[in-house]
Amino acid sequence: MKHLQAINPLLYSFFLLICFTSCTKDDVNAEFTSITVKLKSTSQEHDKVFIDIEDVQFKVREDENAPNAWMSLNAINQGTYNACDLNEDSALLLVDHIEIESTFIHEIRLVLGDNNFMDVNGLLMSLEVENLGNATPSNLVKSELISNRSYEFVIDLDIDSSISFNDEENMMVFNPKLYTAIRQYEY
């Protein structure tokens, strides 16, 4: 029993040492950045343009052919939305404060599905994005994400310059023109 009494102070000291040397919140999150992505649009000519959103991605490798060049941000609001309703006051939240490793971002891209169309005087017209348009429009952002910061990416879709009519194919083409604003906050 005496040998247990000698070990007891050692165990107590070891426990105190672990408590005082444990990681702080800053140590745990030292390599991470918080990301939020929103989508808004501008249009003077159209009022019903529906786009099918599948994902938002960052290009984190210089070589686009690298298997892990594009990182999915797992968009939370996937589906078909009237892009004309997405203005400054009602932007669509695509990514809400996810934590990613701090890294250099080359590009941000919006991945579109094939359910894109517009309403012209009650007539629904399909918007071609696969063959003639661009199903993965992107923007160069070339930004270093600093750890312990929160970033808000606001993608602005210029609808009027994104839609055109292809005379040869006799179809409407959607080639999205994106502009991205980045805001940084310290936390």
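Keep in mind it's a predicted model, so treat the numbers as computed, not measured.

The rules behind these values
- Residues numbered from 1 in each chain as written.
- Predicted model: local features only at pLDDT ≥ 70, side-chain atom pairs only at ≥ 80, totals over all residues.
- Heavy atoms only, no water.
- Pairing = 2+ DSSP bridges.
- Helix = DSSP H or I, 4+ residues; strand = E, 2+ residues; numbered from the N terminus.
- Axes fitted to C-alpha atoms, helices over the stretch in contact; angles between N-to-C directions.
- Phe/Tyr/Trp six-rings, centres within 6.5 Å; stacked < 30°, edge-to-face > 60°.

**Student:** How should I be thinking about the sheet that holds strand β1 (residues 32-42) in this particular structure?
**Tutor:** Working definition: the strands of a sheet are paired by backbone hydrogen bonds and lie parallel or antiparallel to each other. If you walk across this open sheet you meet the four strands as β5-β1-β10-β13, and the pairing is mixed. Unpaired on one side and paired on the other, β5 (92-101) and β13 (178-186) mark the two borders of the sheet. Averaged over all pairs of adjacent strands, the angle between strand axes in this sheet comes to 20°, irrespective of strand direction. One ladder, built from nine bridges, connects β1 with strand β10 (residues 149-158); its direction is parallel. Opposite S34, over in β10, you have S150 as the bridge partner.

**Student:** What exactly am I supposed to notice about the packing of aromatic side chains here?
**Tutor:** For any pair of aromatic rings, the description consists of the separation of the ring centres together with the inter-plane angle of the planes. Tallying each qualifying case throughout the model produces two aromatic pairs. Judged by centre distance (4.8 Å) and plane angle (20°), the rings of F50 and F117 are stacked. Here F117 lies in strand β7 (residues 117-120) and F50 lies in strand β2 (residues 49-59), a separation of 67 residues in the sequence. Between the aromatic rings of F58 and F153, the centroid separation amounts to 5.0 Å while the plane-to-plane angle is 55°, which identifies the pairing as tilted. Separated by 95 residues along the polypeptide, F58 in strand β2 and F153 in strand β10 bring together distant segments of the chain.

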